[in-house]
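# What the coordinates show
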Amino acid sequence: MNIKITKSSYKTKENKRAIIYDCSSKNYRKKINTGILVEEDFFKNSESTTSISLEITLEKLKSKKKDALIKYYENDWSNTELENYL
């Protein structure tokens, strides 16, 4: 199982994109919305962002991704259990 944190290909009217978990394995692929919307400019200049709260939120998403992978392999979770956790 691979999990990537990426941006959605869809853009809202306010020029924002959702941050999603992209889960994939041999015969499985699912994109799970995190509910976080960021400005389009963030993806162009992520180094120059001034939002500390957004940086903290991204770190929490990374932490949850690691935790989900550990639980997926240790507890032998199904894909549905992984989706529900994320």
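Report follows, based on the coordinates. This is a predicted model, so every value here is computed, not measured.

### Observations concerning the pattern of salt bridges
- Enumeration over the complete set of coordinates arrives at 4 salt bridges.
- Between Glu-59 and Lys-62 there is a salt bridge whose closest N-O contact spans 3.7 Å. Highlighted residues: Glu-59 and Lys-62, both in helix 2 (residues 52-74), separated by 3 residues, approximately one helical turn.
- Classification of Glu-59 by relative accessible area gives partly exposed; the value is 47%.

### Things to note about unusual backbone geometry
- Backbone geometry at Asn-15 places phi at a positive 65°, although glycine is not the residue there.
- Its location among the elements puts Asn-15 in the loop between strand 1 (2-11) and strand 2 (16-25).
- Looking at Asn-15, the relative accessible area reads 32%, which means it is partly exposed.
- Backbone geometry at Asp-76 places phi at a positive 55°, although glycine is not the residue there.
- Along the chain, Asp-76 falls in the loop between helix 2 and helix 3 (79-85).

Reading the values: the criteria
Residues numbered from 1 in each chain as written. Predicted model: local features only at pLDDT ≥ 70, side-chain atom pairs only at ≥ 80, totals over all residues. Heavy atoms only, no water. Salt bridge = Lys/Arg side-chain N within 4 Å of Asp/Glu carboxyl O. Helix = DSSP H or I, 4+ residues; strand = E, 2+ residues; numbered from the N terminus. Buried < 20%, exposed > 50% of the residue type's maximum accessible area, 1.4 Å probe, protein only.

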